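Structure at a glance
If you want the building blocks of each chain, they are given just below.
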Amino acid sequence: MDSISSMIAEISHRKEFIDMAFKALSFNEIAGDYAEFGCASGQTFRCAYSAAMSFGHKAHFWAFDSFEGLPPRAGARDGHPKWEPGKMRQPLPGFLALLKEHGMAEESFSVVKGFYDTTLHEPFDGPRPDDICFAYVDCDLYSSTAVVLDFLRPRLKHGMIIALDDYYCYSTDQLSGERAAFLEFAANVSGFHFLPYRPFGWHGMSFIVESASLIPHTSRRISHA
Ligand SMILES: C[S@@+](CC[C@H](N)C(=O)[O-])C[C@H]1O[C@@H](n2cnc3c(N)ncnc32)[C@H](O)[C@@H]1O
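Now for a quick tour of the structure. Quick caveat, the model's predicted, so the values are computed rather than measured. (Residues numbered from 1 in each chain as written. Predicted model: local features only at pLDDT ≥ 70, side-chain atom pairs only at ≥ 80, totals over all residues. Heavy atoms only, no water.)

**Points about the packing of aromatic side chains**
The relation between two aromatic rings is expressed through the spacing of the ring centres and the mutual angle of the planes. Under the counting rule described, the total for this entry stands at 27 aromatic pairs. A centroid spacing of 5.5 Å and a plane angle of 45° characterise the contact between Tyr34 and Phe61, whose relative ring orientation is tilted. Taken together, the positions of Tyr34 in strand β1 (residues 33-37) and Phe61 in strand β2 (residues 61-65) put the pair 27 residues apart, joining distant regions of the chain. Residue Tyr34 is classed as buried on the basis of its relative accessible area, which comes to 0%. Centre to centre, the rings of Phe182 and Phe194 are 5.3 Å apart; their planes meet at 70°, and the pair counts as edge-to-face. Placement of the pair is Phe182 in helix α6 (residues 177-187) and Phe194 in strand β6 (residues 192-196), with a sequence separation of 12 residues. Taking relative accessible area as the criterion, Phe182 reaches 0% and is therefore assigned buried. By the ring-pair criterion, three or more aromatic residues cluster together here, those being Phe17, Phe22, Tyr34, Phe45, Tyr49, Phe61, Phe67, Phe95, Phe134, Tyr136, Tyr197 and Phe200. A cation over an aromatic ring shows up here: Arg77 above the ring of Tyr142, its NZ or CZ 4.0 Å from the ring centre. (Phe/Tyr/Trp six-rings, centres within 6.5 Å; stacked < 30°, edge-to-face > 60°. Helix = DSSP H or I, 4+ residues; strand = E, 2+ residues; numbered from the N terminus. Buried < 20%, exposed > 50% of the residue type's maximum accessible area, 1.4 Å probe, protein only. Lys NZ or Arg CZ within 6 Å of the ring centre and 35° of its normal.)

**Thoughts on the pairing of strand β7 (residues 205-211)**
Most of β7 is tucked away: 7 of the 7 residues are buried. Of the strand pairs in this sheet, strand β5 (residues 161-164) and β7 are connected by 4 bridges, and their pairing is antiparallel. Following the sheet pairing, Leu164 is matched in β7 by Met205. Across 5 bridges, β6 lies against β7 in antiparallel orientation. Counterpart to Pro196 in the pairing with β7 is Phe207. (Pairing = 2+ DSSP bridges.)

**Thoughts on the nonpolar core**
Of all hydrophobic cores here, the largest spans 33 residues; its most connected members are Phe37, Leu152, Leu156, Ile162, Phe182 and Phe194. Contributing elements (two or more residues each) for this core: β1, β2, β4 (132-137), α5 (142-152), β5, α6, β6 and β7. Element by element, the count of residues in this core is highest for α5, at 6 residues. One finds Leu25, Tyr34, Tyr49 and Phe61 within the second-largest nonpolar core, a separate group that totals 30 residues. (Core = buried A, V, L, I, M, F, W, Y, C linked by side-chain atoms within 4.5 Å.)

**Description of the packing of helix α1 (residues 3-27) against helix α2 (residues 43-55)**
At a closest axis distance of 9 Å, the pairing of α1 and α2 adopts a crossing angle of 35°. The way α1 lies across α2 gives a crossing that is right-handed. Mapping the contact onto sequence places Ile11, Arg14, Lys15, Ile18, Asp19, Phe22, Lys23 and Ser26 in α1 and Gln43, Thr44, Cys47, Ala48, Ala51, Ala52 and Phe55 in α2. Here the contact of α1 with α2 is built from residues that sort into 8 nonpolar, 3 polar and 4 charged. (Axes fitted to C-alpha atoms, helices over the stretch in contact; angles between N-to-C directions. Left-handed = near helix turned anticlockwise from the far one by under 90°. Contact = heavy atoms within 4.5 Å. Nonpolar A, V, L, I, M, F, W, Y, C, P; charged D, E, K, R; others polar.)

**Examining the sheet that holds β2**
Sheet strands line up and pair through hydrogen bonds in the backbone, either parallel or antiparallel. The strand order β3-β2-β1-β4-β5-β7-β6 describes an open sheet built from 7 strands, whose pairing is mixed. A strand with exactly one partner marks an edge of an open sheet, and here the two such strands are β3 (109-113) and β6. Ignoring strand direction, the axes of neighbouring strands in this sheet form an average angle of 20°. Against the sheet, α1 makes contact with β1, β2, β4, β5 and β7, and its axis sits at roughly 165° relative to β4, the strand it touches most.

The following block contains the structure:
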């Protein structure tokens, strides 16, 4: 498979997953917003909008990105040959133009520009979602993902979907990236269980958040039950 066909396949796997996720959320009447952490080219963001529209889901769409590309590595667990500071930079005006071209009404989305250690932390006082039904994490680095998951911690709710686009991207000599951040997070969350939902493409994995109190006889945070 050449690199263009492989890119097309990746886009279609992502799209198929997002369609199914919105179908499930709509069918189960799990309301709330869609929040994407790492939205660069707007590809996934636009897929999510189309999927929600086609299944009649009333999500508001939140885009969180530096719009300056990846930040510098913060440690060994950010290590990956493909992830260089500044990579995947998409300036905000280009992103907004793509959303407009896709027919997204201005009131249907909110953009929070900046690096997560500022925008997802106090004392940032800009707009942020309180009720999220679908979090799509696509910010590659361990350090970025750890901040995003910390932001999601008080916003976890039963039936919510968390997707990690780079779950299976990690370094040759250790656990790193989104998987390392998610495993650490899941091990330290109380009150919720993460049901493995759907892998997508060769790279992504998703989980459904379940209230632990509703699941008898389980003490594990991640299981295939
Ligand atoms: C793989 S791209 C996202 C691709 C996107 N989902 C799409 O469909 O085009 C990764 C994005 O994460 C953003 N990112 C990574 N770490 C970040 C951080 N700490 N703060 C803000 N943005 C970050 C980068 O700016 C980049 O746009």
